[in-house]
Amino acid sequence: MVEWFVNDVAGIVCSSMTYVLVLYSQFVVITVILLPDPLVSTAIQVGVFTFFSFLALWSHLKAMTTNPGAIPMETYNARFAQKEELKSAVLCLKCNSIKPERAHHCSVCRRCIRKMDHHCPWVNNCVGQQNQKFFILFTLYIFTISTMAMYMAVNKIVHCSDAEWSSCGALSPPISLMLLTILLFVSLLFGLFTGIMFGTQLYAIMDDQTGIEKLKNEQATWERLTWKQNMQEVFGNGMGCNWFLPIMPSHLTPTKQHSPKFQV
């Protein structure tokens, strides 16, 4: 059951395009590049590419449908205002909630998000405390399959050009070349984007400062952790296989909402 989904038209279009492009890459890599060669190595390459494509889509789905760390709405009222410890609390006038330290309001989600880094239309969600791991894994696996697709597409074009496109698949040479060219363009574009995003996200985690905090040039008032502690905060204690799977770390639990299914 989906417990979080942002009803933003631009985000829905972009996130849908992500699935279309990954499936397109899967189709071209398997049917145009690999399957025409009935070798054991070809079967292994099909399995590896499919495996990373699956991880990319799984990570994307988790990043999109996981509550990023939204603060419950309307938690500040006259009764709470009388409490001495809350008189100095920061109040968000846009969603009428008490903002914890390092929380920021997202105009698209219309909520305050804990440790909000940015709002990404490609996952149709904010990247925050609860789903940053999934977003990073998404960028990692898209970068991986983009790099693999570029290498295989260039190798296929060179090989088939030397062989004058004879025995290069069931499709005609013009169609094959068109599909491979589109694959190269998509892989290059998304490979560069996700590679840069993956690097900046890791740097932000190790530096203990989110993207929006850097953008606003906010001075750290919180206790700064070491890069290792910050990595464990996002991916979980003890580096292992779970770091590379889109599974919620044991120390993080999905933020509870007032209803089992919450849409914004």
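A brief look at the structure comes next. These numbers were taken from a predicted model, which means no experiment stands behind them.

### Here's the deal with the overall build of the protein
The helix and strand tally for the protein stands at seven helices and eight strands. Within the span of the protein, comprising 264 residues, buried residues form 45% of the whole. Accessible area of the protein: about 14100 Å², with a carbon and sulfur share of 66%.

### Considerations on the packing of helix α2 (residues 40-65) against helix α4 (residues 132-162)
Between two packed helices, both the angle of their axes relative to each other and the distance between the axes serve to describe the pair. Their axes nearest at 8 Å, the elements α2 and α4 cross at an angle of 150 degrees. Accordingly, the angle class assigned to the pair α2 and α4 is roughly antiparallel. The interaxial crossing formed by α2 with α4 has left-handed handedness. Residues Gln-45, Val-48, Phe-49, Phe-52, Ser-53, Leu-55, Ala-56, Ser-59, His-60, Lys-62 and Ala-63 of α2 lie in contact with α4, whose contacting residues are Phe-134, Phe-135, Leu-137, Phe-138, Tyr-141, Ile-142, Thr-144, Ile-145, Met-148, Ala-149 and Met-152. Across the contact of α2 with α4, the residue classes break down as 16 nonpolar, five polar and one charged.

### A closer look at the pairing of strand β4 (residues 103-106)
Of the two faces of β4, both are covered, the one formed by Ala-103 and His-105 as well as the one formed by His-104 and Cys-106. Judged from the four bridges that link them, β4 and strand β5 (residues 111-114) form a sheet pairing that is antiparallel. For Cys-106, the partnering residue across the bridge sits in β5 and is Arg-111. Between the antiparallel neighbours β4 and β5 lie four residues, among them Arg-110 with a positive phi of about 60 degrees.

### Re unusual backbone geometry
Of note, Lys-115 is a non-glycine position whose phi angle comes to about 45 degrees, a positive value. Tracing the backbone through its elements, the reader meets Lys-115 in the loop between β5 and β6 (118-120). On the accessibility criterion, Lys-115 (22% relative accessible area) is partly exposed. The backbone phi angle of Asn-124 is positive, close to 50 degrees, even though this residue is not glycine. Counting through the fold element by element, Asn-124 comes out in the loop between β6 and β7 (125-127). By relative accessible area, which is 0% here, Asn-124 ends up buried.

### Observations concerning helix α5 (residues 173-207)
The terminal C-alpha atoms of α5, which comprises 35 residues, lie 50 Å apart, in line with the 51 Å expected from a rise of 1.5 Å per residue. Downstream of α5 by a residue or two, Asp-208 has a phi angle that is positive, lying close to 60 degrees.

### Remarks on the environment of Leu-57
Looking at the element boundaries, Leu-57 is found in helix α2. On the basis of relative accessibility, which here comes to 18%, the residue Leu-57 falls in the buried class. A sequence separation of 35 residues divides Leu-57 from Val-22, and the C-alpha atoms of the two residues are 8.0 Å apart. With residues up to four places along the chain from it excluded, the contact list for Leu-57 reads Tyr-19, Val-22 and Leu-23.

### Description of a nonpolar patch on the surface
Taken together, the side chains of Leu-171, Ile-175, Met-178 and Ile-182 make up a nonpolar region of the molecular surface, amounting to roughly 330 Å² of accessible area. Position of Ile-175 among the secondary structure elements: in helix α5. We classify Ile-175 as partly exposed; its relative accessible area is 40%.

### Brief notes about the nonpolar core
Judged by nonpolar contacts, the single largest core of 40 residues is most densely connected at Val-29, Ile-33, Phe-135, Ile-142, Leu-180 and Leu-183. At the level of secondary structure, the elements contributing two or more residues to this core comprise α1 (9-34), α2, α4 and α5. Ranked by residues supplied to this core, first place goes to α4 with 13 residues. For Ile-142, the residues in contact, after removing those within four places along its chain, are Val-22, Ala-56, Phe-190 and Thr-194. Trp-4, Val-6, Ala-70 and Ile-113 belong to the second largest nonpolar core, which has eight residues in total.

Thresholds, definitions, all that
- Residues numbered from 1 in each chain as written.
- Predicted model: local features only at pLDDT ≥ 70, side-chain atom pairs only at ≥ 80, totals over all residues.
- Heavy atoms only, no water.
- Helix = DSSP H or I, 4+ residues; strand = E, 2+ residues; numbered from the N terminus.
- Buried < 20%, exposed > 50% of the residue type's maximum accessible area, 1.4 Å probe, protein only.
- Areas by Shrake-Rupley, 256 points an atom, 1.4 Å probe, with all protein chains shown as cover.
- Axes fitted to C-alpha atoms, helices over the stretch in contact; angles between N-to-C directions.
- Parallel < 35°, antiparallel > 145°, perpendicular 65-115°, else oblique.
- Left-handed = near helix turned anticlockwise from the far one by under 90°.
- Contact = heavy atoms within 4.5 Å.
- Nonpolar A, V, L, I, M, F, W, Y, C, P; charged D, E, K, R; others polar.
- Pairing = 2+ DSSP bridges.
- Expected span 1.5 Å × (residues − 1).
- Patch = residues over 30% accessible without salt bridge, like charges linked within 9 Å, V, L, I, M, F, W, Y side chains within 5 Å.
- Salt bridge = Lys/Arg side-chain N within 4 Å of Asp/Glu carboxyl O.
- Core = buried A, V, L, I, M, F, W, Y, C linked by side-chain atoms within 4.5 Å.

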